[in-house]
Amino acid sequence: DTGVSQDPRHKITKRGQNVTFRCDPISEHNRLYWYRQTLGQGPEFLTYFQNEAQLEKSRLLSDRFSAERPKGSFSTLEIQRTEQGDSAMYLCASSPGTGDGYTFGSGTRLTVV
Amino acid sequence: QQQVKQSPQSLIVQKGGISIINCAYENTAFDYFPWYQQFPGKGPALLIAIRPDVSEKKEGRFTISFNKSAKQFSLHIMDSQPGDSATYFCAAANTGNQFYFGTGTSLTVIP
């Protein structure tokens, strides 16, 4: 598979629980991005990695959110103590870092009840 | 603060017609302007992109027109087809950095 893979596709969780999402980028892409998309809106930037280094974080990324990319391969996004406002589609994208567009995964849809 | 403003919010076009979606930006440091197409339940897919050194780029039925002085760019879909029905997002970026997306346009092409 040459695309960006995200797991799980859907996650329903109770408020206050922790959740973790995984993203497997295109193998030769050194940049990996996390975005959040709510209904009727465009994707909003959360954070990005170049290899294993987290280079930028949005102020949207509260201290309940943490992202890692060990060894510069797959990445995880964890949300602690989920709130109903965290309900959204979480999109992962990767790029070769040469200035071309991203390739997005299909996203993980999170519903906090 | 919305870095990229997109209009219209929704668009209905007859099959064979031309669909036009417009975007405007403020940050003159932006140097990469892609358009993404998104179907329900899927992530956005890159459709076409332009850099500010050209005023127009065409790929098949899709054309981007870019007006640097006005800080505007638009997507034209010629001979629109029902399969083009999707949500379209414009974006702007300073190469290598985060993308700023518009709020999206829901396009419906009527057979």
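As the structure is a prediction and not an experimental result, all values here were calculated from the model.

Visitor: Tell me what's going on with the sheet that holds strand β3 (residues 19-24) of chain A, and back it up with residues and numbers.
Guide: All names here are of chain A. The four strands are arranged β1-β3-β8-β7 in an open sheet whose pairing can be described as antiparallel. The strands lining the two open edges of the sheet, one partner per strand, are β1 (5-7) and β7 (65-68). Each strand of the sheet is rotated relative to its neighbour by a mean of 15°, with strand direction disregarded. Across five bridges, β3 lies against strand β8 (residues 75-79) in antiparallel orientation. Across the sheet, the residue bridging to cysteine 23 is serine 75, located in β8.

Visitor: For the side chain of Ser80(B), give the residues involved together with the corresponding values.
Guide: All names here are of chain B. Turning to its location among the elements, serine 80 is positioned in the loop between β8 (72-77) and β9 (86-93). By relative accessible area, which is 0% here, serine 80 ends up buried. Reaching out from serine 80, the side chain makes a polar contact with the side chain of serine 19 at a distance of 2.8 Å. For serine 80, the contacting residues outside a window of four places in its chain are Val13, Gln14, Lys15, Gly16, Gly17, Ile18, Ser19, Arg61 and Val109.

Visitor: Before we move on, can you summarise the pattern of salt bridges with the specific residues and values?
Guide: Applying the stated criterion across every chain, the model contains six salt bridges over all chains. Between Asp86(A) and Arg64(A) there is a salt bridge whose closest N-O contact spans 2.8 Å. Here Asp86(A) is found in the loop between β8 and β9 (88-95), whereas its partner Arg64(A) is found in the loop between β6 (53-57) and β7, with 22 residues between them in sequence. In terms of burial, Asp86(A) and Arg64(A) fall into one category: buried. Notably, a salt bridge pairs Lys57(B) with Glu59(B), separated by 3.6 Å at the nearest N-O pair. Using a relative accessible area of 32% as the deciding quantity, one classes Lys57(B) as partly exposed. Connected through shared salt-bridge partners, Arg64(A), Glu83(A) and Asp86(A) make up one network.

Visitor: I'd like to hear about the interface of chain B and chain A, residue by residue, with values.
Guide: Each partner contributes residues to the interface: chain B has 18 residues there, and chain A has 20 residues. Where chain B abuts chain A, roughly 1500 Å² becomes buried across the two surfaces, and 49% of that area is made up of carbon and sulfur atoms. On the chain B side of the contact with chain A, Pro44(B), Gln98(B) and Phe101(B) bury the most area, a combined 30% of that side's loss. Our enumeration of links across chain B and chain A arrives at six residue pairs in polar contact (both at pLDDT 80 or more). Elements represented by at least two residues in the side of chain B that touches chain A include exactly β4 (33-38) and β10 (99-101) of chain B. Grouping the amino acids of the side of chain B that touches chain A by side-chain chemistry returns seven nonpolar, nine polar and two charged.

Visitor: Which residues make up the pairing of strand β11 (residues 108-112) of chain A, and what values do they have?
Guide: All names here are of chain A. Burial along β11 is one-sided: Thr108, Leu110 and Val112 are buried, while Arg109 and Thr111, pointing the other way, are not. Two strands pair when backbone bridges link them, and strand β2 (residues 10-13) and β11 are joined in this way by four bridges, in the parallel orientation. Paired with histidine 10 across the strands is arginine 109, a residue of β11. Pairing between β9 and β11: three bridges, direction antiparallel.

Definitions and limits used
- Residues numbered from 1 in each chain as written.
- Chains lettered and ligands numbered in written order.
- Predicted model: local features only at pLDDT ≥ 70, side-chain atom pairs only at ≥ 80, totals over all residues.
- Heavy atoms only, no water.
- Pairing = 2+ DSSP bridges.
- Helix = DSSP H or I, 4+ residues; strand = E, 2+ residues; numbered from the N terminus.
- Axes fitted to C-alpha atoms, helices over the stretch in contact; angles between N-to-C directions.
- Buried < 20%, exposed > 50% of the residue type's maximum accessible area, 1.4 Å probe, protein only.
- Polar contact = N/O pair within 3.5 Å; in protein donor to acceptor, adjacent residues only side chain to side chain.
- Contact = heavy atoms within 4.5 Å.
- Salt bridge = Lys/Arg side-chain N within 4 Å of Asp/Glu carboxyl O.
- Buried area = accessible area lost by both parts, 1.4 Å probe.
- Nonpolar A, V, L, I, M, F, W, Y, C, P; charged D, E, K, R; others polar.

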